[in-house]
Amino acid sequence: MKYIKKIDDIKMHNKTAITLGKFDGVHVGHQKLINNVISKHKEDFISVLFTFDKPVGAFLRDTDTRVLLTKEERYSIFSQYQLDYIIECEFTEEFAHMPAQTFIEEILVGRLQAGYIAVGVDFKFGYKAQGDFKLLQKLATKFGYEVEVVEKVTYKDSEISSTRIRGCIEAGQMEDAANMLGFQYPIIGEVLHGKKLGRTLNIPTTNLIPRKDKLLPPNGVYASRIILDGKVYDGITNIGCKPTVSNELIRGVETYIFDYSGDLYGTLIQVNLFSFERAEQKFKSIEELKEKMDHDIEIVKKYFAKL
């Protein structure tokens, strides 16, 4: 898989199967689009996913800057698919003001040699979002490509969307979020030095400070699985400010990894959140905190034993 960021670096010489969109959550609806273009390999199409490096509309209106997936997390999901190209194009002023038909002529046809295009029913593009699947269909014969419009995927009788997933995460409904994402909600970050309180409690933890634009669920304790060097470990994660031992207001991600010992400082790890267990609390003493943590660990171990 090749990764392209600059529009000037795009020049295909063979017919491509392209899917376009924000892919902000790479949820099961997005995955349906991705699988559609991958399936075109059997017809000798080059598979391409085209997206932007920031939300479309960033130059046109204020947007919630918190993201479901950071760039690192999104790329980690993309890399699991047998795509030939990922194009995460710089969303410049030029792109923001490019007419929809110009985008089709110059980018999709001129640079990408589009032969097949898969989009969702609500896909919009071009200046002021004036382009849609109907415009793509209107120009299909003229430019010699096929358009497939993919209907929304549903969950619990409602359409899956990034907005709906965002709402679940903000409410701590991690199982519902995972069912719509198709994977557990990830947090990727570098392990930083903490206050090492966990070691004094015989519960050594790793500490991550997530990127400022990362959407986090409510402060509290979560059952989690951690990916280290391609291996998966069960664990328990606290998201919050650790009010029992700190007056700081910086939200962190602190994880105790079961059955693991080793120095992880400076290591990039992935924490996948499975379920919300309880809200973050302030305890009267370190001893009370330790007792609650031991209880939480037993609950999470039982949770994973049932999966």
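Whatever comes next refers back to the structure up there.
Residues numbered from 1 in each chain as written. Predicted model: local features only at pLDDT ≥ 70, side-chain atom pairs only at ≥ 80, totals over all residues. Heavy atoms only, no water.

(A) Seen up close, the overall build of the protein. Helices and strands together make up the secondary structure of the protein, namely ten helices and 14 strands. Its C-alpha atoms give the protein principal-axis dimensions of roughly 75 × 40 × 40 Å. For the protein, with 307 residues in total, the buried portion stands at 50%. Relative to all contacts within the protein whose residues are 6 or more apart in sequence, the contacts with residues 24 or more apart total 75%. Counting every atom, the protein has about 15,700 Å² of accessible surface; 48% of that belongs to carbon and sulfur. (Helix = DSSP H or I, 4+ residues; strand = E, 2+ residues; numbered from the N terminus. Buried < 20%, exposed > 50% of the residue type's maximum accessible area, 1.4 Å probe, protein only. Contact = heavy atoms within 4.5 Å. Areas by Shrake-Rupley, 256 points an atom, 1.4 Å probe, with all protein chains shown as cover.)

(B) The arrangement of the packing of helix H7 (residues 162–170) against helix H8 (residues 174–181) in detail. H8 packs onto H7 with a crossing angle of 155° between their chain directions and a minimal axis gap of 8 Å. As summarised for this structure, H7 and H8 are arranged roughly antiparallel, according to the angle between their axes. Considering how the two elements wind past one another, H7 and H8 form a crossing that is left-handed. Judged by residue contacts, Arg-164, Ile-165, Cys-168 and Ile-169 of H7 engage Met-174, Asp-176, Ala-177, Met-180 and Leu-181 from H8. Its residues assigned to classes, the contact of H7 with H8 shows seven nonpolar, no polar and two charged. (Axes fitted to C-alpha atoms, helices over the stretch in contact; angles between N-to-C directions. Parallel < 35°, antiparallel > 145°, perpendicular 65-115°, else oblique. Left-handed = near helix turned anticlockwise from the far one by under 90°. Nonpolar A, V, L, I, M, F, W, Y, C, P; charged D, E, K, R; others polar.)

(C) View of the sheet that holds strand S11 (residues 220–228). Strand order in this open sheet of six strands is S9-S14-S11-S12-S13-S10, and the pairing throughout is antiparallel. The sheet is open, and its two edges are formed by strand S9 (185–190) and strand S10 (206–208), each paired on a single side. Taking each pair of neighbouring strands and ignoring which way they run, the sheet shows an average axis angle of 35°. When S11 meets strand S12 (residues 231–240), the two strands line up antiparallel, connected through nine bridges. When the sheet's bridge partners are listed, Ser-224 is paired in S12 with Gly-235. Together, S9 and strand S14 (268–279) form the strand contacts of helix H2 (residues 71–78), whose direction differs from that of S9 by roughly 120°. (Pairing = 2+ DSSP bridges.)

(D) Structural view of the nonpolar core. If you look at the biggest cluster of nonpolar residues, it comprises 46 residues, and the most contacted ones within it are Ile-34, Leu-83, Ile-165, Ile-169, Tyr-185 and Leu-273. Look past the residues within four positions of Ile-169 in its chain and what remains in contact with it is Leu-68, Met-174, Ala-177, Tyr-185, Leu-215, Leu-216, Pro-217 and Pro-218. Core analysis: the next-biggest nonpolar cluster, separate from the first, contains 37 residues, Phe-50, Phe-52, Ile-104 and Phe-123 among them. (Core = buried A, V, L, I, M, F, W, Y, C linked by side-chain atoms within 4.5 Å.)

(E) View of the sheet that holds strand S6 (residues 146–150). Strand order in the open sheet made by the six strands is S1-S4-S3-S2-S5-S6, with parallel pairing throughout. Edge positions in the open sheet fall to strand S1 (2–4) and S6, since each of these has one partner strand only. Strand-to-strand twist in this sheet, taken as the mean axis angle between neighbours without regard to direction, amounts to 20°.

(F) Representation of the side chain of Arg-278 within the structure. Tracing the backbone through its elements, the reader meets Arg-278 in strand S14. Setting aside chain neighbours within four positions, we find Arg-278 in contact with Gly-220, Val-221, Phe-283, Lys-292 and Asp-296.

(G) Spatial organisation of the pairing of S12. S12 sits mainly inside the fold: seven of its ten residues count as buried. Connecting S11 to the next strand, S12, in antiparallel fashion are two residues, including Asp-229 with a positive phi near 50°. For S12 and strand S13 (residues 252–257), the ladder comprises six bridges, and the chain directions are antiparallel. Bridge pairing in S13 places Ile-239 opposite Val-253.

(H) Focus on helix H1 (residues 28–38). Across the eleven residues that make up H1, a large majority, eight, are buried. Along H1, the residues that are buried comprise Gly-29, His-30, Gln-31, Leu-33, Ile-34, Asn-36, Val-37 and Ile-38.

(I) Region of the structure containing the packing of aromatic side chains. One pass over the full model with this rule turns up 14 aromatic pairs. Their ring planes at 80° and their centres at 5.1 Å tell us that Tyr-3 and Tyr-75 sit as a pair that is edge-to-face. Within this pair, whereas Tyr-3 is found in strand S1, its partner Tyr-75 is found in helix H2, the two being separated by 72 residues in sequence. Ring centres 5.4 Å apart and planes at 90° place the aromatic pair Phe-50 and Phe-52 in the edge-to-face group. (Phe/Tyr/Trp six-rings, centres within 6.5 Å; stacked < 30°, edge-to-face > 60°.)

(J) Quick look at a nonpolar patch on the surface. Residues Met-1, Tyr-3 and Tyr-75 make up a contiguous nonpolar surface patch of roughly 280 Å² in combined accessible area. Accessibility expressed as a relative area gives 34% for Tyr-75, which makes it partly exposed. (Patch = residues over 30% accessible without salt bridge, like charges linked within 9 Å, V, L, I, M, F, W, Y side chains within 5 Å. Salt bridge = Lys/Arg side-chain N within 4 Å of Asp/Glu carboxyl O.)

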